[in-house]
Amino acid sequence: MKKKITIYGAGGLGREVLSLLNALPAWEVTGFYDDGKTKGAMVSGVQVLGAMSELIQSSADTQVVVAIGNSGHKKRVAEMLMTNPFIQFPTLIHPAAVIQDASVSIGNGSIITAGVILTTGITLGSHVLVNLNATVGHDVQIGSFSSIMPGVNIAGNVTVGEAVLIGSGANILNGLHLGDHSRIGAGAVVTKNVEPNNTVVGVPARVLNLNP
């Protein structure tokens, strides 16, 4: 019998997660929850069941995946849902992802999409998104609620803090540390450590100064 699961977030990433779940025969999607959608609306053939206020009141065991790319917003939503002991967060791994050996640890609620390669000695926290065709090298640690966007390359011995967002196509060189809540721009090449809450862009990546 298939296990039932709901998706919080009915935007583009939510539809991608729906597609991922459709590739996993163990799961049956019962619907979306999304505060920005009308209850009863259909998204990719699946009904919107309501908003956060309804989902968080669940009094039955409920499997939920949080489909939000923005790492800060994802953290806030997931932490709210965690206050309900009936809500559980399964780890989802697309069958076309490559997990090279058993030394890779992936936390609850994390999403590993098609084309991802995770090599060896890697630890991912809870609610980590590793999106299409990203590669993660040996002995990398990625903190909870972080989002790794498509085509990112993370070299070995990198430490990624909590709720970090790494934009599409970025490259993180060997041995670096990305501080909590930092942001890495799309296509950036990171050659130095990034302090918490900083945004870096460019090649090589430099801190984005919004008030020059």
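Further up the page is the structure itself.
The structure displayed is predicted, hence computed values, not measured ones.

### Side note on the overall build of the protein chain
Part 1: Secondary structure assignment for the protein chain yields three helices and 25 strands.
Part 2: For 212 residues, the compact-globule estimate of 2.2 N^0.38 gives 17 Å, and the C-alpha radius of gyration of the protein chain, at 17 Å, lies within 12% of that figure.
Part 3: Counting only C-alpha atoms and orienting by the principal axes, one finds that the protein chain spans roughly 45 × 45 × 30 Å.
Part 4: Residues classed as buried in the protein chain amount to 48% of the 212 residues present.
Part 5: Excluding contacts between residues fewer than 6 apart, the proportion of contacts in the protein chain whose partners are at least 24 apart in sequence is 28%.
Part 6: For the protein chain, the distance from the average position of its 12 positive side-chain charges to the average position of its 12 negative side-chain charges is 6 Å.

### Regarding the sheet that holds strand E15 (residues 141-142)
Part 1: An order of E9-E12-E15-E18-E21 is seen for the five strands of this open sheet, with the pairing classed as parallel. Where the open sheet ends on each side, the last strands, each with one partner, are strand E9 (105-106) and strand E21 (177-178).

### Description of helix H1 (residues 12-22)
Part 1: Of the positions making up H1, those classed as buried are Leu13, Gly14, Val17, Leu18, Leu20 and Leu21. Across the axial projection of H1, the buried residues extend over an arc of 160°, all falling on one side.

### Quick look at the pattern of salt bridges
Part 1: In this structure the tally under the stated criterion is four salt bridges.
Part 2: Lys4 serves as the salt-bridge partner of Glu28, at 3.2 Å between the closest nitrogen and oxygen. Taken as a pair, Glu28 in strand E2 (residues 27-33) and Lys4 in strand E1 (residues 3-8) lie far apart in primary sequence, 24 residues in all.
Part 3: Across the pair Lys75 and Glu162 runs a salt bridge, and its minimum N-O distance is 3.7 Å. Taken together, the positions of Lys75 in helix H3 (residues 71-82) and Glu162 in the loop between strand E18 (159-160) and strand E19 (165-166) put the pair 87 residues apart, joining distant regions of the chain.
Part 4: Exposure remark for Lys75: the relative accessible area of 16% places this residue in the buried category.
Part 5: Salt bridges here are not isolated pairs; linked through shared partners, they connect Lys75, Glu79 and Glu162.

### Focus: the pairing of E1
Part 1: Bridge analysis of E1 against E2 gives six bridges, and the strand direction is parallel. Its bridge partner being in E2, Ile5 is matched across the sheet by Val29.
Part 2: Read as a crossover between parallel neighbours, the route from E1 over H1 to E2 is right-handed.
Part 3: As defined by bridge partners, E1 adjoins strand E5 (residues 62-66) across three bridges and the pair is classed as parallel. Each bridged residue has a counterpart across the sheet, and for Ile7 the counterpart in E5 is Val65.

### Overview of H3
Part 1: Over its twelve residues, H3 runs 16 Å from end to end, which matches the ideal 16 Å to within 8%, given 1.5 Å per residue.
Part 2: Restricting attention to buried positions, one finds in H3 the residues Ser71, Gly72, Lys74, Lys75, Val77, Ala78 and Leu81.
Part 3: Taking the backbone nitrogen of Gly72 as reference, a side-chain oxygen 3.2 Å away marks Asn70 as the first, capping residue of H3.

### Notes on the environment of His138
Part 1: Checked against the element boundaries, His138 lands in the loop between strand E14 (135-136) and E15.
Part 2: Residue classification places His138 among the partly exposed residues on the basis of a relative accessible area of 33%.
Part 3: Counting along the chain gives 39 residues from His138 to His177, while the straight-line C-alpha distance between them is 14 Å.
Part 4: Filtering out sequence-adjacent residues up to four positions away, His138 remains in contact with Thr119, Thr120, Gly156, Asn157 and Asn174.
Part 5: There is a polar contact of 2.8 Å between the side chain of His138 and the side chain of Asp139.

### Quick word on the environment of Met82
Part 1: With respect to the helices, strands and loops of the structure, Met82 is situated in helix H3.
Part 2: Distance in space between the C-alpha atoms of Met82 and Ile56 is 8.8 Å, their sequence separation being 26 residues.
Part 3: Excluding residues within four positions of it along the chain, Met82 makes contact with Phe89, His127 and Phe145.

### So, the sheet that holds strand E24 (residues 199-201)
Strand pairing within a sheet occurs via backbone hydrogen bonds; the two strands may be parallel or antiparallel.
Part 1: If you walk across this open sheet you meet the eight strands as E7-E10-E13-E16-E19-E22-E24-E25, and the pairing is mixed. Lying at the two open borders of the sheet, with one neighbouring strand each, are strand E7 (92-93) and strand E25 (206-207).
Part 2: Pairing of E19 with strand E22 (residues 183-184), which is carried by two bridges, proceeds in the parallel orientation. Along E22, the bridge assignment pairs Ile166 with Ile184.

Calculation rules
- Residues numbered from 1 in each chain as written.
- Predicted model: local features only at pLDDT ≥ 70, side-chain atom pairs only at ≥ 80, totals over all residues.
- Heavy atoms only, no water.
- Helix = DSSP H or I, 4+ residues; strand = E, 2+ residues; numbered from the N terminus.
- Rg over C-alpha atoms; globule rule 2.2 N^0.38 Å.
- Buried < 20%, exposed > 50% of the residue type's maximum accessible area, 1.4 Å probe, protein only.
- Contact = heavy atoms within 4.5 Å.
- Lys, Arg positive; Asp, Glu negative; His and termini not counted.
- Charge placed at Lys NZ, Arg CZ, Asp CG, Glu CD.
- Pairing = 2+ DSSP bridges.
- Arc of directions from axis to C-beta.
- Salt bridge = Lys/Arg side-chain N within 4 Å of Asp/Glu carboxyl O.
- Right-handed = clockwise from strand over helix to strand, strands pointing away.
- Expected span 1.5 Å × (residues − 1).
- Polar contact = N/O pair within 3.5 Å; in protein donor to acceptor, adjacent residues only side chain to side chain.

Interpretation note: all reported values are geometric properties and have no functional meaning in isolation.
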